[in-house]
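One letter stands for each residue in the lines below.
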Amino acid sequence: MDDPKLLIYAALGLAALATARKALYDQKLAAIPVAGSSGFLASYRDALKFILHAPELIQQGYDQYPDGIFRVARLWHWDYIVCGPKLVNDVGGAPEDVLSFSGGVEELTMGRALAENPYHQHTIRTSLTRNLHRCFPDVRDEIVCAFDEVLQLQGSEWKALPVLPTTMAVVARVSNRLFVGLPLCRNKAYLQNNIQYTIDVIRSAGRITLWPGFLRPIVGPFISNKEKSNATALKILGPILEERLAKEKELGPDWPGKPNDFISWLLELAEGEERTAPALALRILSTNMAAIHTSSMAFTHALFDLTVHPEHLLPMREEVERVVKEEGWSKAALNNMVKVDSFLRESQRLNGNGPMTMTRKVVAKDGFRFSNGVVLPYGSFVSVASRPTHYDPSNYENAAVFDGFRFARERAEQKLQEDPTKDIFKRHMVSTGTDHLPFGTGKHACPGRFFAATELKAMLAHLVLNYDVKAEVEGVRPADNTFGPVLMPNSTAQVRIRKRQ
Ligand code: HEM
């Protein structure tokens, strides 16, 4: 298509098609209320507004329909948003062949091979989680080295550091200590490729959604850098993966000296064409994608919260000091760092995962019927209003106020009452529920959350024990970055840090 006129005609034709499609949806779903305007042209204005003001639009819908369903206009489709425990459970409990998790993310992030056979998720849920106790000394060792090398602090001077990139550098190393082990977990090119892949995917996902669904497979390859990252990952990981495959072939699956890492755990489940270096490299890259960005954002938010609520630092320091004195550093010791756990959970409650989460595509041909009788047709996208749920005063007392030890207090109170009907585990960082959605809830609740919690708690415990931190500008929390439904901590903001005096 060299002729610019042809391009214009093609674009106009596509716009007409998309408009017709949208009009069709308008008629079928007129019964579901809209947050914003339902008018034909005004809904397009709202779709543009969504790009910068999604949190406000979704809050508006939640305030009007706190136990119902509403829809928000996107450029090429409606997003259906559900509120309240019953409907959240409907989404969380629906089987994959009715409400599809991979259908909700596939075109943006996952890719077909991973969506069709997500065996690496099983590896995360089982082997990775089960090995956390055994591998904790490695996690701890990597945290200590990474903080030293990445922060590079001298003497007693305060240093201003950009929080998100610094955290990413640490999280990437610590995560990869379990994924691929030493020395690769410290290889700068390998780590940079993982970090960049995550950033590229998130950025290109944002750009791809600006195009209508049927054009995404065509424009996707031009927008995304995935292939380049895949090739780099394979170049770096290839020799190790080939060696592991060869060793298994020669000596069997339990060869002496086999490393206890994610590569070995993947190989326990990989079958057929998954047992090749390119396929394994892709699984490792995708696991990095699921792990690095999410965990780094959570830690960055927690650090911003700590600097604007500095009264939490000393109680956490005292807790860590006491527990480590009694038990040393271990996964079991982390379980007794209740304040550290509570602080991270509270930070996730107020900042986690933006205005909507748990996005699913209706893939049942007859549509999906909610417990309140509302039916969404085949092909619709549905999500849960996460941020409004976390800020809802009927779910949390003083819901909009950061209260770092609220969950620690609840756990202590429930323990005192010894009330068997009250489940204290509900208030742990890893516990999910219809009122706490940073890790989702139900069938697809994040399988990596046990690892994430171990890593983040060990990082925060190390930080409060060994460093002093303060805000760049006293009392000011850097503003979040928003783009459509994505809400991220400020990616350039700094905090001041020094070795503990
Ligand atoms: C603080 C860190 C993390 C946060 C906030 C987080 C959050 C989430 C959320 C919200 C989901 C989607 C749940 C849903 O739609 O129902 C998810 C899924 C997932 N997460 Fe995490 N995650 C984190 C860390 C990790 C880590 C460290 C790993 C890997 C080791 C991981 C691997 C995955 C995978 C594989 C899925 C897809 C699960 C499925 O399809 O059933 N995540 N995560």
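The rules we used
- Residues numbered from 1 in each chain as written.
- Predicted model: local features only at pLDDT ≥ 70, side-chain atom pairs only at ≥ 80, totals over all residues.
- Heavy atoms only, no water.
- Patch = residues over 30% accessible without salt bridge, like charges linked within 9 Å, V, L, I, M, F, W, Y side chains within 5 Å.
- Areas by Shrake-Rupley, 256 points an atom, 1.4 Å probe, with all protein chains shown as cover.
- Salt bridge = Lys/Arg side-chain N within 4 Å of Asp/Glu carboxyl O.
- Helix = DSSP H or I, 4+ residues; strand = E, 2+ residues; numbered from the N terminus.
- UniProt positions renumbered as here; feature names shortened; annotations may be inferred.
- Buried < 20%, exposed > 50% of the residue type's maximum accessible area, 1.4 Å probe, protein only.
- 1 Å grid on protein atoms, 1.4 Å probe; cavity = no way out; pocket = protein on both sides within 12 Å on 5 of 7 lines; lining within 4 Å.
- Points joined across faces, edges and corners; volume = space filled by probe spheres on them.
- Nonpolar A, V, L, I, M, F, W, Y, C, P; charged D, E, K, R; others polar.
- Near = heavy atom within 4 Å.
- Axes fitted to C-alpha atoms, helices over the stretch in contact; angles between N-to-C directions.
- Parallel < 35°, antiparallel > 145°, perpendicular 65-115°, else oblique.
- Left-handed = near helix turned anticlockwise from the far one by under 90°.
- Contact = heavy atoms within 4.5 Å.
- Pairing = 2+ DSSP bridges.
- Core = buried A, V, L, I, M, F, W, Y, C linked by side-chain atoms within 4.5 Å.
- Phe/Tyr/Trp six-rings, centres within 6.5 Å; stacked < 30°, edge-to-face > 60°.
- Lys NZ or Arg CZ within 6 Å of the ring centre and 35° of its normal.
- Expected span 1.5 Å × (residues − 1).
- Polar contact = N/O pair within 3.5 Å; in protein donor to acceptor, adjacent residues only side chain to side chain.

Caption draft 1: Layout of a nonpolar patch on the surface. A cluster of nonpolar side chains, Ile-202, Leu-210, Trp-211, Phe-483 and Val-486, forms an exposed patch at the surface whose accessible area comes to about 390 Å². Inspection of the secondary structure puts Leu-210 in the loop between helix H9 (188-208) and helix H10 (216-223).

Caption draft 2: How the structure looks around the UniProt feature "binding site: heme" (unreviewed entry) in the protein. UniProt marks Cys-446 with the feature "binding site: heme" (unreviewed entry), using the numbering shown here. Here Cys-446 lies in the loop between helix H18 (406-417) and helix H19 (449-466). Look at Cys-446 and you get partly exposed, because its relative accessible area is 25%.

Caption draft 3: Summary view of empty space enclosed by the protein. Taken as a whole and assessed by the stated rule, the structure comprises one cavity of 30 Å³ or more. Computed from the structure, the largest cavity encloses a volume of approximately 120 Å³. As for the largest cavity, its lining consists of 13 residues, and the residues nearest its centre are Leu-151, Thr-166, Thr-167, Leu-303 and Ile-497. Elements with a contribution of two residues or more to the lining of the largest cavity: helix H7 (132-151), helix H8 (163-179), helix H13 (277-308), H19 and strand S12 (494-499). Ranked by residue count, the leading element in the lining of the largest cavity is H8, at four residues. The residue inventory of the lining of the largest cavity, partitioned by class, reads 11 nonpolar, two polar and no charged.

Caption draft 4: Summary view of the site of the ligand. Inspection of the region around the ligand gives 24 residues, with Phe-101, Gln-121, Arg-360, His-444 and Cys-446 positioned closest. Counting residues per element, the ones that place at least two in the shell around the ligand are helix H6 (119-130), H13, strand S5 (357-362) and H19. Here the shell around the ligand gets five residues from one element, more than from any other, and that element is H13. Here the shell around the ligand is built from residues that sort into 14 nonpolar, eight polar and two charged.

Caption draft 5: Spotlight on the packing of H8 against H13. Where H8 contacts H13, the two axes come as close as 8 Å, and the packing angle between them is 135°. If you check the angle between H8 and H13, you find them oblique. In this structure, H8 crosses over H13, and the sense of that crossing is right-handed. Facing H8, whose interface residues are Val-163, Leu-164, Thr-167, Met-168, Val-171, Ala-172, Asn-176 and Phe-179, H13 presents Thr-287, Asn-288, Ala-291, Ile-292, His-293, Ser-295, Ser-296, Met-297, Phe-299, Thr-300, Leu-303 and Phe-304. Residue composition of the contact of H8 with H13, by class: 12 nonpolar, eight polar and no charged.

Caption draft 6: Examining the sheet that holds S12 more closely. The strand order across the open sheet formed by three strands is S4-S12-S9, and the pairing between neighbours is antiparallel. A strand with exactly one partner marks an edge of an open sheet, and here the two such strands are strand S4 (159-162) and strand S9 (467-471). Sheet twist, expressed as the mean angle between neighbouring strand axes with direction ignored, is 35°. As paired strands, S4 and S12 are joined by four bridges and run antiparallel to one another. Note that in S12 the partner of Ala-160 across the bridge is Arg-496. In this fold H7 packs onto S4, S9 and S12, with an angle of close to 55° to the strand it touches most, S9. The strands touched by H19 within the sheet are S9 and S12, with S9 carrying the most contacts at an inclination of about 95°.

Caption draft 7: View of the nonpolar core. Ranked by internal contacts, the top residues of the largest apolar core, which has 85 residues, are Leu-306 and Leu-460. Sorting elements by how many residues they give to this core places H13 first, with 13 residues. Contacts of Leu-460, omitting those with residues within four sequence positions, involve Phe-299, Met-316, Val-340, Phe-343 and Leu-344. In terms of nonpolar packing, the next biggest core, distinct from the first, is built from 25 residues, Leu-75, Val-91, Leu-99 and Leu-376 among them.

Caption draft 8: The packing of aromatic side chains, seen in detail. All chains considered together, the criterion is met by eight aromatic pairs. Aromatic pair Phe-262 and Trp-265: ring centres 6.5 Å apart, planes at 90°, arrangement edge-to-face. With Phe-262 and Trp-265 both in helix H12 (residues 262-269) and three residues apart, this pair spans about one turn of that helix. By relative accessible area, which is 0% here, Phe-262 ends up buried. Judged by its relative accessible area of 2%, Trp-265 is buried. Ring-pair connections join several aromatic residues into one group, and the members of that group are Phe-179, Phe-262, Trp-265 and Phe-451. In this arrangement the basic side chain of Arg-140 is found over the ring face of Trp-329, its NZ or CZ atom lying 3.8 Å from the centre. Positioned over the ring face of Phe-405 is Lys-339, at 5.8 Å from the centre of the ring.

Caption draft 9: Inspection of helix H16 (residues 338-351) at higher detail. With 14 residues, H16 extends 20 Å between its outermost C-alpha atoms, agreeing within 8% with the 20 Å of an ideal straight helix rising 1.5 Å per residue. Of all 14 residues in H16, 12 are buried, a share of seventy percent or more. Of all the positions in H16, only Val-340, Asp-341, Ser-342, Phe-343, Leu-344, Arg-345, Glu-346, Ser-347, Gln-348, Arg-349, Leu-350 and Asn-351 are classed as buried. At the C-terminal side of H16, Asn-353 shows a positive phi close to 40°.

Caption draft 10: Looking closely at the environment of Glu-321. Relative to the helices and strands, Glu-321 is located in helix H14 (residues 313-327). Distance from Glu-321 to Val-464, taken between C-alpha atoms, is 9.6 Å for residues 143 residues apart in sequence. When sequence neighbours within four positions are dropped, the list of residues in contact with Glu-321 reads Leu-465 and Arg-500. Here the side chain of Glu-321 touches Arg-500 through a polar contact of 3.0 Å, side chain to side chain.

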